[in-house]
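So the chains spell out like this:
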Amino acid sequence: MNGGGPVLPRVLYENEDIRTVRPSDWSPDGKWIAVQLLRTDRTTQIGLVSPGDRSLCVLKSVDWRGASAMFFSPDGRYLAFDLSPDQDSGQRDVFVLAIDGSREIPTVVHPANDLLMGWTADGKHLLFNSDRAGSPGLWAVPFPNGKPPGPPALVKPDIGVVWAMSTARSGALYFALKTSGPDLYTASIDFDSGTVLTRPVPAVHEFVGSNSQASWSPDGRELSYKSVHRDQVLAIRSVDTGKTRYLRPDLTYWYAGGVGPDGRSSVTQGTDRKGRQGIYRIDLQTGAVEAIAANPPHISYKPQWSPDGKRIFYGFASRGNPHVIVERDIASGREREILRRDRLLWWSTSPNGQYLVWLTRDQSAKASTLAILPLAGGEPQELLRLKDPEYFRTFLEWTPDSRSVLYQTMSSPAGRESELWFVRAAGGPPRKIDLGFADLRELKVHPDGQQVVFNTTTDTKEVWVTENVLPMLNAKK
Amino acid sequence: MVFLLVAALMIPLGLDLYMPVPEENPLTVEKIALGRRLFFDRRLSRDRSTACASCHNPGRAFSDGRAIAVGVFGRKGRRNAPALINRGWGRSFFWDGRVPTLEEQVLKPIEDPNEMDLPVADAASRVGLPVEDLSRALASYVRSIMSGNSPYDRFVNGERTALSAEQQVGLQIFRGKGNCTACHVGPNFTDERLHNTGVAWQVPGDFADQGAGNGTFKTPTLREVARTAPYMHDGSLATLHDVVDFYDRGGNRNPFLDPELRPIGLTAQEKQALQSFLRSLSGTTLK
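Given the structure is predicted, the values throughout are model-derived calculations rather than measurements.

Novice: So what exactly am I meant to see when it comes to the overall build of chain B here?
Specialist: Each helix and strand in chain B was counted, giving 10 helices and eight strands. A compact globule built from 287 residues should have a C-alpha radius of gyration of about 19 Å, and chain B, at 19 Å, falls within 12% of that. Residues classed as buried in chain B amount to 48% of the 287 residues present. When contacts within chain B are restricted to residue pairs at least 6 apart in sequence, those whose partners lie at least 24 apart make up 65%.

Novice: I keep staring at the overall build of chain A and nothing clicks. Help me out?
Specialist: The helix and strand tally for chain A stands at one helix and 39 strands. Here the C-alpha atoms of chain A give a radius of gyration of 25 Å, agreeing with the 23 Å that 2.2 N^0.38 yields for 477 residues. Overall, the C-alpha framework of chain A stretches about 70 × 50 × 45 Å when taken along its three principal axes. Across the 477 residues in chain A, those meeting the buried criterion constitute 38%. Across chain A, every contact between residues at least 6 apart in sequence was considered, and the portion connecting residues at least 24 apart equals 37%.

Novice: Is there a simple way to think about the interface of chain A and chain B in this case?
Specialist: The parts lose accessible area when they come together, and the size of an interface is often stated as this lost area. At the interface, 19 residues of chain A touch 19 residues of chain B. Classifying every residue of the side of chain A that touches chain B gives five nonpolar, seven polar and seven charged.

Novice: Please clarify how the nonpolar core should be interpreted in this entry.
Specialist: In summary, soluble globular proteins display a tendency toward joint burial of nonpolar side chains. Grouped together as the largest cluster of nonpolar side chains are 78 residues, with contacts concentrated most on Ala 80, Phe 81, Leu 116 and Phe 128 of chain A. Counting residues per element, this core draws most heavily on helix α6 (residues 131-144) of chain B, at six residues. The contact partners of Phe 81 of chain A, leaving out residues within four places of it in the chain, are Ile 46, Ala 67, Ala 69, Met 70, Phe 95 and Leu 116 of chain A.

Novice: What am I meant to see in unusual backbone geometry here?
Specialist: Note on backbone geometry: most residues besides glycine have negative phi, and most peptide bonds are trans. With omega at 10 degrees, the peptide bond leading from Asp 388 of chain A into Pro 389 of chain A counts as cis. Within the secondary structure, Pro 389 of chain A sits in the loop between β32 (381-387) and β33 (391-398). Cis rather than trans, the peptide bond between Ala 229 of chain B and Pro 230 of chain B has omega equal to -5 degrees. Mapped onto the elements of the fold, Pro 230 of chain B is located in the loop between β7 (217-218) and α9 (240-248). Of note in this structure, Glu 442 of chain A is not a glycine but carries a positive phi near 55 degrees.

Novice: Before we go on, may I ask you to explain the sheet that holds strand β7 (residues 93-98) of chain A in this structure?
Specialist: Backbone hydrogen bonds hold the strands of a sheet together, and the pairing may be parallel or antiparallel. Residue and element names in this part refer to chain A. Here four strands make up an open sheet; going across it, the order is β5-β6-β7-β8 and the pairing antiparallel. A strand with exactly one partner marks an edge of an open sheet, and here the two such strands are β5 (70-72) and β8 (104-108). For this sheet the average axis-to-axis angle between neighbouring strands, irrespective of direction, equals 25 degrees.

Novice: Please clarify how helix α8 (residues 165-175) of chain B should be interpreted in this entry.
Specialist: Quick reminder: α-helices carry 3.6 residues per turn. Residues three or four places apart thus point the same way. All buried positions along α8 of chain B are accounted for by Gln 167, Gly 170, Leu 171, Ile 173, Phe 174 and Arg 175 of chain B. Residues of α8 of chain B that are buried make contact with α10 (268-279) of chain B.

Novice: What exactly am I supposed to notice about α6 of chain B here?
Specialist: Residues and elements named next belong to chain B. For α6, built from 14 residues, the straight-helix expectation of 20 Å at 1.5 Å per residue is met to within 8% by its first-to-last C-alpha distance of 20 Å. With 11 of 14 residues buried, α6 is to be regarded as a mostly interior element. Considered for burial, the residues of α6 that qualify are Leu 134, Ser 135, Arg 136, Ala 137, Leu 138, Ala 139, Ser 140, Tyr 141, Val 142, Arg 143 and Ser 144. The elements touched by buried residues of α6 are β2 (9-11), α1 (29-39), α3 (102-105), α5 (120-126), β3 (146-148) and β8 (284-286).

Novice: Sorry if this is basic, but what is going on with the sheet that holds strand β30 (residues 355-362) of chain A here?
Specialist: Residues and elements named next belong to chain A. Spatially, β29-β30-β31-β32 is the arrangement adopted by the four strands of the open sheet, whose pairing is antiparallel. Since the sheet does not close on itself, it has two edges, and those belong to β29 (344-349) and β32, each with one partner. Neighbouring strand axes in the sheet, compared pairwise and without regard to direction, differ in orientation by 15 degrees on average. Two strands pair when backbone bridges link them, and strand β31 (residues 367-374) and β32 are joined in this way by six bridges, in the antiparallel orientation. What sits directly across from Leu 370, in β32, is Leu 384.

Novice: Teacher, can you tell me more about the environment of Val 228 of chain A here?
Specialist: All names here are of chain A. Among the structural elements, Val 228 can be located in strand β18 (residues 222-228). Residue Val 228 is classed as partly exposed on the basis of its C-beta count, with 16 C-beta atoms lying within 10 Å. Each C-alpha atom of the pair Val 228 and Ser 212 lies 8.6 Å from the other, and the pair is 16 residues apart in sequence.

Novice: Mind showing me how you'd approach the packing of α8 of chain B against α10 of chain B here?
Specialist: The packing of two helices is summarised by the inter-axis angle and the distance between the axes. Residue and element names in this part refer to chain B. Interaxial distance between α8 and α10 falls to 7 Å at its minimum, and their mutual angle equals 100 degrees. Between α8 and α10, the interaxial angle falls into the category roughly perpendicular. Each of Glu 166, Gln 167, Val 169, Gly 170, Leu 171, Ile 173 and Phe 174 in α8 lies in contact with α10, whose residues at this interface are Glu 270, Ala 273, Leu 274, Ser 276 and Phe 277. Residue composition of the contact of α8 with α10, grouped by class: seven nonpolar, three polar and two charged.

Novice: How should I be thinking about the pairing of strand β1 (residues 18-26) of chain A in this particular structure?
Specialist: Side-chain direction in a regular strand flips from residue to residue, so the side chains alternate between the two faces of the sheet. All names here are of chain A. Here β1 pairs with strand β2 (residues 33-39) via seven bridges, running antiparallel. Across the sheet, residue Thr 20 finds its bridge partner in β2, namely Leu 38. Here β1 hands over to β2 after six residues, with Gly 30 in that stretch at a positive phi of 75 degrees.

Rules used in this analysis
- Residues numbered from 1 in each chain as written.
- Chains lettered and ligands numbered in written order.
- Predicted model: local features only at pLDDT ≥ 70, side-chain atom pairs only at ≥ 80, totals over all residues.
- Helix = DSSP H or I, 4+ residues; strand = E, 2+ residues; numbered from the N terminus.
- Rg over C-alpha atoms; globule rule 2.2 N^0.38 Å.
- Buried ≥ 20, exposed ≤ 12 C-beta atoms within 10 Å, placed from the backbone.
- Contact = placed C-beta atoms within 7 Å.
- Nonpolar A, V, L, I, M, F, W, Y, C, P; charged D, E, K, R; others polar.
- Core = buried A, V, L, I, M, F, W, Y, C linked by C-beta atoms within 7 Å.
- Pairing = 2+ DSSP bridges.
- Axes fitted to C-alpha atoms, helices over the stretch in contact; angles between N-to-C directions.
- Expected span 1.5 Å × (residues − 1).
- Parallel < 35°, antiparallel > 145°, perpendicular 65-115°, else oblique.

And the structure:
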């Protein structure tokens, strides 16, 4: 990257036993890259990779969640990071490790959530984001010569929801600031004509900017969705009374999946406290979690119920292999493969359990297709084909009568703006639906066949810089 | 084999470079050497018959091959002598995890009536050291007992032929169907937490040993496990085959059984593969 033309990338480190390598920071002398390795046994390792000889030095093994940020000290002797003190805690503390492995210094240990932001340019302070004063603020803790730290000081209150990026040599602190989040809307649509009957209106007025992944209950009287503010909750809102109750499933990560036919549980992809990714069932009265297909040797996703609630469909993918969709009997655990495809983009089973539709990409033809398969047996048929530069978004949804499939198109593969369409499963011309939102996601149709709920994806971040951190710190003294 | 230098220790492949060492007891070559001599010194027991090494035999990966440890005057202890492997990375010590530091831990067997039965002040006096130095030297030596660079370590660091085909199947079972990594996780194959597996549960319905409470015991490392039979805190399982059978049936049911334990349904072939994998955890033991 010296302005001398394109530079071919080279692999510095790869290992089949490592799921992901997350580089975090360069050492000031350029000899090391601080990385986090997520091993297949769900251990995360903090280490150093040498760009010179491509060697790896594992400094410390931690739980699977790893650090949210890691930064070298300006003199390159230390590496700072934040970790949860144990697997049952969602809070983090800040630690500093000598890169020769000789010592570790717990630098910020406090019941609050403390996230590393960086070092000051002189290396005498560590900067961190903490909610200890009630809202997220930028704090600094002295770190003189690697000795035990002094008391922290508030540098800048109310900095918002931020993520560390880097600290410039000038001392300017760069970070990403969340400026907006998703919100839920409802509308109603005539799926015979594609006419919008009622324009979208906000569906939820609590925790605005935090709500997504909505589903209707089978009787249509409840709306469940995920709300992420201070923590993540599964919200269940009564359509009749507007009252909302909140559940906290005991999972580290989860996706608010579809409500089952009996209305008592939902099925979700998620990750438990030990980092085991899989398919889980959440009791919608208690929030209790039960593993249905946990810790498979592959990443499983997008579980959907069968009409009788006794089976689920879900997909899984592993590196270098085709995507597979299976049907799993919940009671026995027996699985049946129903589709295997390369470049499978998305899929959905019909509410009556009779059809599977999916999106695939044909790179050689520079086209994408929407196909349908009768699950009782039969040949797949292509419903639609889009030629570049028109693309499908990874979305498919059925109307409750299983007659129509909704899909979205985009004019660029990574674009945000899309159009909403539907097509009959039996074939015929597609129809466009104009809800007035260029970027809507996760649309679900109410059991009445007209109302829909969806979320906008105005989950945006901006890059901000705080300059003159040191003068601010000195002014506090 | 790849070694990394940290302070006075060479860290074998597969282990973290950073080993938590108290600031007040930095590792030195001299202290490790002194600790090693003390570890084999029978003067630390009342009748001068028993050294630390009597129950933590280097030839058996620092275990003793007995179900229950035997101390001075042939007195029987309460539990199986645990293998002292990679304890430098430990966060709690003894089967019930009751002691938080190695400096504290190493003195306990000296004064335990069923082990060495000597007041630590007397023991320190016999070897001409202050108690503090005795503790620090022994702890330093225990920190130097490491096992790594096993076929498993070489395999997960890129040497894809280091494990046999059967061992690779065993590794998949270990991480998947067997759910072993629910507790035996990380470089030392232990979460350092307490779990009830039901080993201590006895008909008619009580624990023979409460452990840390409700029959919970700390997850032991699986490093060198093929060399540390018999197994469990009471040495009640003689072979790896027995251990795999025990977990395959979901441990012993009791009111406090860890929820991670449930019948697994391994086939005979899968059990064999799992045992084969466990044998791959024996490597280079540094001492």
